[in-house]
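Single-letter residue listing:
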Amino acid sequence: MTDTQFNLNEYMTAGVKRIVKEAIRATVKDPKESLFMARYAKASKTAAKRRTEFEKQGEHIPPFLIASITSLCNLHCAGCYARENHICSDEKAADQLTADDWTKIFKEANELGIGFILLAGGEPLMRRDILQKAAEFPEILFPVFTNGTFLNDDYISLFDKARNLIPIFSIEGEENKTDERRGNGVYESLTAAMDKIKENHLIFGASVTVTTSNLKEVVSDSFLTDLQDRGCKAVIYVEFVPVTDDSRELAPQDEEREFLRNKLQELREKYTDMVFISFPGDEKTSGGCLAAGRGFFHINSHGGAEPCPFSPYSDINVKATSLREALHSKLFIDLQSENLLLEDHAGGCVLFERREQIEKLIGL
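Residues numbered from 1 in each chain as written. Predicted model: local features only at pLDDT ≥ 70, side-chain atom pairs only at ≥ 80, totals over all residues. Heavy atoms only, no water.

S.K.: Talk me through the packing of helix H7 (residues 175-182) against helix H8 (residues 186-199); I want residue IDs and the actual numbers.
M.R.: Relative orientation and spacing of two packed helices are given, respectively, by the angle between their axes and the distance between those axes. Running from amino to carboxyl end, H7 crosses H8 at an angle of 115 degrees, the nearest separation of the two axes being 8 Å. As the angle between them shows, H7 and H8 are arranged roughly perpendicular. Contact with H7, carried on its side by Glu175, Thr178, Asp179 and Arg182, involves Val186, Tyr187 and Leu190 of H8 and no other residues of that element. The residue inventory of the contact of H7 with H8, partitioned by class, reads 3 nonpolar, 1 polar and 3 charged. (Axes fitted to C-alpha atoms, helices over the stretch in contact; angles between N-to-C directions. Helix = DSSP H or I, 4+ residues; strand = E, 2+ residues; numbered from the N terminus. Parallel < 35°, antiparallel > 145°, perpendicular 65-115°, else oblique. Contact = heavy atoms within 4.5 Å. Nonpolar A, V, L, I, M, F, W, Y, C, P; charged D, E, K, R; others polar.)

This is the structure we're talking about:
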């Protein structure tokens, strides 16, 4: 299936509209948050028009960017793709992008019509300077994927002033599952952070790494009702990608994906004040993998433009070029033109499955 047969721009634009619409519905009981989301809906329409204009000129701009703003992290989660790929560590790596570098990226992203920038790491709350810069771009929604351990009064104040920054707490299920993967006491720290957010009348979301081990638990009423009661407004399910061969059995396969897809329809009808998103979702209905600039791309903490956080390969760096030029990198073009993103795969991630082919493309 080619992008000519499958209208990628229309698919992505419709997806963004749905997310924004559901976000407005989820925040309707919170006047301050609802007002921001209504304003953002207008900005999102403007961004979509910009992307459409680029599309008419034969240039596809994805609506999503994933930005790993730091390599620092204080946790050692089992099976973490970032540590396995040396994306994060206990100490700050040299040549990380500065806050000014990221400001330049955010500015250009806004000009291109990129309306969502997912801030990740490492642990993004360890780079408050960059979050403060992100706060200056209310036209962009910045979900901040955090382990929650650094949430304090200063961050509460920042999230209150900058409603475009939305903390997304990483959680693996209930206490046993979460502590099993993230470390003893992390669940207690997470729920305390959630409660603190609710006490201050702010909203937050949850990010769940879906495995064959926790799938049933993370879509259960007990888990979701607890999140709902704590004030959670969005749940993002991210399929586990096996970074080692011995963890492949944890990666969801077609059966688990079908179960999750059907369950999501049920959850959206039942929990009307929450937004449910699945990543990467059903690639068959989305015309294949959306990485490498088709639906999103990734900038690592050093500035390398990569297809996806799970595929840490780059042949261009935004320190030396523009964000727009990075979208036209040889690697991205090769991945799209050779239809590698559209191939069937065993599970987890097509780019992970085809990593040897990607290494050949960039001469490794």
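S.K.: Go over unusual backbone geometry, please, and point to the residues and values.
M.R.: Residue Gly122 is bonded to the preceding Gly121 through a cis peptide linkage, with omega at 10 degrees. Looking at where Gly122 falls in the secondary structure, it is placed in the loop between strand S2 (116-120) and helix H5 (128-134). One non-glycine residue, His201, lies in positive phi territory at about 60 degrees. Position of His201 among the secondary structure elements: in the loop between H8 and strand S5 (204-210). When its relative accessible area of 59% is taken as the criterion, His201 is described as exposed. (Buried < 20%, exposed > 50% of the residue type's maximum accessible area, 1.4 Å probe, protein only.)

S.K.: I'd like a description of the packing of aromatic side chains, backed by residues and values.
M.R.: All chains considered together, the criterion is met by 11 aromatic pairs. Aromatic rings pair up to connect Phe36, Tyr40, Phe64 and Phe116 into one cluster. (Phe/Tyr/Trp six-rings, centres within 6.5 Å; stacked < 30°, edge-to-face > 60°.)

S.K.: So, the environment of Val218: which residues are in play, and what are the values?
M.R.: Mapping Val218 onto the fold places it in helix H9 (residues 215-218). Taking the C-alpha atoms as reference, Val218 lies 9.7 Å from Lys177; in sequence the two are 41 residues apart.

S.K.: Break down helix H11 (residues 254-270) for me, with residues and values.
M.R.: For H11, built from 17 residues, the straight-helix expectation of 24 Å at 1.5 Å per residue is met to within 8% by its first-to-last C-alpha distance of 24 Å. Those residues of H11 lying buried are Arg257, Leu260, Lys263, Leu264 and Leu267. One side of H11 holds all its buried residues, which, seen down the axis, span an arc of 130 degrees. Away from its buried face by more than 90 degrees, H11 exposes Glu255 and Glu269. (Expected span 1.5 Å × (residues − 1). Arc of directions from axis to C-beta.)

S.K.: Explain the environment of Asn317 to me, and be specific about the residues and the numbers.
M.R.: Counting through the fold element by element, Asn317 comes out in the loop between strand S9 (305-306) and helix H12 (323-326). For Asn317, a relative accessible area of 25% corresponds to the partly exposed category. On a C-alpha basis, the gap between Asn317 and Arg18 in space is 32 Å, while along the polypeptide they are 299 residues apart. With near-sequence residues (within four places) excluded, Asn317 lies in contact with His302, Gly303 and Gly304. Here the side chain of Asn317 touches Lys319 through a polar contact of 2.8 Å, landing on its backbone nitrogen. (Polar contact = N/O pair within 3.5 Å; in protein donor to acceptor, adjacent residues only side chain to side chain.)

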